[in-house]
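Close look at the chain arrangement
Listed below are the residues making up each chain.
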Amino acid sequence: MKPSFKKLLAGLFSLTLLIALPAAAITLKEAQSKGIVGEANSGYIAVVQGSSPEVDALVAEVNAKRKREYAAIAKRNNIDISQVAARAAEKLEARLSRGEYFQDNLGRWKQK
């Protein structure tokens, strides 16, 4: 094989790996069970330990979805989004599995 053809094959293989990586991204439940993220007292998730670009992307995605949902609920009920988020924080904390993290009212991380 010519060197340029080898480089092309190597480049295509690398591109294939990059495209496949998002499918292997960490899920919210995996990140919670590993203690990487926890339920913040704000109704959103936050990094507890072990931040990485993958974790930061997960946090941003989950929080954006939650914010859209909270805004829709607030609009339907004619209340402030912060009220919806505060109530959601209580419910989300109650649903956590043993060993997962949540933030108390003073902002300290606790394990359930």
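In short, a report on the structure. Since we're looking at a predicted model, the values are computed, not measured. (Residues numbered from 1 in each chain as written. Predicted model: local features only at pLDDT ≥ 70, side-chain atom pairs only at ≥ 80, totals over all residues. Heavy atoms only, no water.)

1. Some thoughts on the pattern of salt bridges
For the coordinates displayed, the defined rule picks out five salt bridges. With its nearest N and O atoms 3.1 Å apart, the salt bridge here joins glutamate 61 to lysine 65. Linking glutamate 61 with lysine 65, this pair stays in helix H3 (residues 53–77), spanning four residues, or about one helical turn. Look at glutamate 61 and you get partly exposed, because its relative accessible area is 42%. The exposure class assigned to lysine 65 is partly exposed, which follows from its relative accessible area of 47%. Among the salt bridges present, the one from aspartate 104 reaches arginine 108, with a minimum N-O distance of 2.8 Å. (Salt bridge = Lys/Arg side-chain N within 4 Å of Asp/Glu carboxyl O. Helix = DSSP H or I, 4+ residues; strand = E, 2+ residues; numbered from the N terminus. Buried < 20%, exposed > 50% of the residue type's maximum accessible area, 1.4 Å probe, protein only.)

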